[in-house]
Amino acid sequence: MASPSSRRRAVPAVAAAIGATVLGAGLGELASALVAPASSPFAVIGGGMIDIAPAWAKDTAIALFGTGDKAALLAGIAVLLLAVAGVAGALEWRRPPGGRIVLIALGVIGAVVATTRADAGPLSLAPSLLAGIAAAAVTALLVRRLRQGSTADSPASPVDGDAAGTAPLPAPRPGADLTRRGVLALSGVAVLAGALAAAGSAAVRGGARATSAVRAALRLPRPSTTIAVPASAELGIDGLAPVITPSASFYRIDTALVVPQLDPATWTLRIHGLVEQEVVLRWDDLVELPQKETVATLVCVSNEVGGSLIGTARWLGVPLRDILARARPTAEADMVLSRSVDGFTASTPLEALTDERDALLAIGMNGEPLPIEHGFPVRMVVPGLYGYVSATKWVSELEVTRFDRAEGYWTPRGWSERGPVKLASRIDVPQAGARVTAGTTVIAGVAWQTHVGVSGVEVQIDDGPWQPATLATAISADTWVQWSLPWDATSGAHTVRCRAISADGQTQTAERATPAPDGATGYDELTLTVA
Ligand SMILES: Nc1nc2c(c(=O)[nH]1)N[C@H]1C(S)=C(S)[C@@H](COP(=O)(O)O)O[C@H]1N2
Ligand SMILES: [Mo]
């Protein structure tokens, strides 16, 4: 057992290791910004954790933090890192060089993970190694100083404890206290320096600014086919999701802790595999091709019943069947594995990319170039399929292959290899927790089964009959449709449920299923008290 005094004396050592680790982490981030942009120690550890996370973990993270899941992950890593640093400080104080070894080991782990990332460069080892070495060296220096201070001023060991074995409280020693205070102050300086280095790394990166400038200056080609959105597609009910989702509020889901910054001038798309002719497409080639405008709803397989991981946008791009036709897939091919610059892949049935549907290699979203976090400069959008098996952002490669030869990113992580969108509906109005007073009110929401279409929505209040809601005009089978139903609300507690009927006559199933492995099912339900 450590005596109270030795525990007390470990405090500056713990502080020193934490300060040294913040400094090391900041230097690692700065080094990454300067020489290995894809190998930020935080991003590679976070990315590695995302990659090994099973389906339930992804679901839980999204359920807890929504689209803030990435910030939560990074904060979690920071807290864990500081906790380990604290332990390393105590170890370095009691059992040198234990603390140094722990900190170097952390750096080595980061470096090894960095080399395994899809976008690892030649210097990918450097940032994490530097972070570990800096943290260890500064910890060793400060703890050595602390030890010199305390031994210089401590009495010789025989006096340090009596025959009964009780630890004596050391008399205050001004010299030792000065050292302790000095080391604490230096730890604080290290934290500040680490924060400065991290801020510096953000400034050096500035990549986001450069890409925004390129994006802002970009002019999109005009579509040869446009699509009109009928005014009657929008019911204009307060609280109801607008039929076209503004890009700024469009949900974002991806594994990219650092959003890829691509320049259209150097972007290429390689189409290869089971093809007669390998093709490499550049931005200039792409914008020369006939452009099509579509409106399509994109939905995430992780969307819970009633969830918000869904949006509808106007997309501009070239039909993927035109692109694939240039490469001429061979007869044995049945899948296209699209790959993003950051290593994400999606397995899409070849048929969905070559049949009559508007599967696009998209460059525009809601009249502008794709937002950077939605895949700038080029992504895929395929009606009828969940995003994880179709909607690859920052796309750089289409490998024409077979389902029995390759699999997409989420398949080995517990998600189905194919992801057709399931029939679903959601209640938006009244909003959960809204005050509803007795009298005529409105119930409204959205319903979808992309590329199949919705022919009806029914609403049930308490245990009453299922009543048909009024549908807004559907833009197409590829989009969600708004619905509404007037309701003469009586005071008291009520439950409201909805279910959709698809264009091919299926009624949405009441059976509850979790998002994994192939999409949630069950009725969205709202409970409310009418005043
Ligand atoms: N490069 C890349 N593309 C990706 C993903 C990803 O993790 N990386 N996630 C997919 C998933 S799971 C979904 S639901 C959609 C979400 O697209 P959005 O963020 O534009 O809404 O992108 C898809 N494309
Ligand atoms: Mo998704």
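A short tour of the structure in this document, coming up. (Residues numbered from 1 in each chain as written. Chains lettered and ligands numbered in written order. Predicted model: local features only at pLDDT ≥ 70, side-chain atom pairs only at ≥ 80, totals over all residues. Heavy atoms only, no water.)

**Description of the overall build of the protein chain**
Point 1. Counting its regular elements, the protein chain contains eleven helices and 18 strands.
Point 2. For the protein chain, the spread of C-alpha atoms along the principal axes amounts to about 90 × 65 × 45 Å.
Point 3. In the protein chain, which comprises 531 residues, the proportion classed as buried is 50%.
Point 4. When contacts within the protein chain are restricted to residue pairs at least 6 apart in sequence, long-range pairs at least 24 apart make up 76% of them. (Helix = DSSP H or I, 4+ residues; strand = E, 2+ residues; numbered from the N terminus. Buried < 20%, exposed > 50% of the residue type's maximum accessible area, 1.4 Å probe, protein only. Contact = heavy atoms within 4.5 Å.)

**A look at the sheet that holds strand 1 (residues 268–273)**
Point 1. The five strands lie next to each other as 2-1-10-5-6, forming an open sheet whose pairing is mixed. Each edge of the open sheet is held by one strand with a lone partner, namely strand 2 (279–282) and strand 6 (345–349). Within the sheet, the average angular offset between the axes of one strand and its neighbour, ignoring direction, is 20 degrees.
Point 2. By the bridge criterion, five bridges tie strand 5 (residues 335–340) to strand 6 in an arrangement that is antiparallel. The residue of strand 6 that forms the bridge with Arg-339 is Thr-345. (Pairing = 2+ DSSP bridges. Axes fitted to C-alpha atoms, helices over the stretch in contact; angles between N-to-C directions.)

**Here we look at the packing of aromatic side chains**
Point 1. Per the stated rule, a full pass over the model turns up six aromatic pairs.
Point 2. Residues Tyr-409 and Trp-410 carry aromatic rings whose centres are separated by 4.9 Å and whose planes lie at 80 degrees to one another, so their mutual orientation is edge-to-face. The pair formed by Tyr-409 and Trp-410 is uniform in burial state, with each residue classed as buried.
Point 3. A cation over an aromatic ring shows up here: Arg-413 above the ring of Tyr-409, its NZ or CZ 3.8 Å from the ring centre.
Point 4. One residue, Arg-499, lies across the ring of Trp-466, its end atom 4.1 Å from the ring centre. (Phe/Tyr/Trp six-rings, centres within 6.5 Å; stacked < 30°, edge-to-face > 60°. Lys NZ or Arg CZ within 6 Å of the ring centre and 35° of its normal.)

**Concerning the side chain of Gln-482**
Point 1. In this structure, Gln-482 sits in strand 16 (residues 481–489).
Point 2. Among the polar contacts made by the side chain of Gln-482, one reaches the side chain of Glu-234 at a distance of 3.1 Å.
Point 3. Looking at Gln-482, its side chain comes within polar contact range of the main-chain oxygen of Ala-241, at 2.8 Å. (Polar contact = N/O pair within 3.5 Å; in protein donor to acceptor, adjacent residues only side chain to side chain.)

**Examining the pairing of strand 11 (residues 424–429)**
Point 1. Summarising burial for strand 11: six of the six residues are buried, a large majority.
Point 2. Where strand 11 lies against strand 12 (residues 439–448), five bridges are found, and the strand directions are antiparallel. Bridge assignment links Ala-424 to a residue of strand 12, and that residue is Trp-448.

**Remarks on the environment of Val-191**
Point 1. Mapped onto the fold, Val-191 is located in helix 7 (residues 174–205).
Point 2. Classification of Val-191 as partly exposed rests on a relative accessible area of 34%.
Point 3. The spacing of Val-191 and Ala-20 is 171 residues in sequence and 7.2 Å in space, taken between C-alpha atoms.
Point 4. Excluding anything up to four places from it in sequence, Val-191 contacts Gly-19 and Val-22.

**Regarding the site of ligand 1**
Point 1. The environment of ligand 1 is formed by 19 residues, the closest being Tyr-251, Thr-255, His-374, Arg-379 and Lys-393.
Point 2. One of the side-chain N or O atoms of His-374 is found 2.6 Å from an oxygen atom in ligand 1.
Point 3. The side chain of Lys-393 places a nitrogen or oxygen atom 2.5 Å from an oxygen atom of ligand 1.
Point 4. Of the residues belonging to the shell around ligand 1, the class tally is nine nonpolar, five polar and five charged. (Near = heavy atom within 4 Å. Nonpolar A, V, L, I, M, F, W, Y, C, P; charged D, E, K, R; others polar.)

In short, geometric facts, not functional conclusions.
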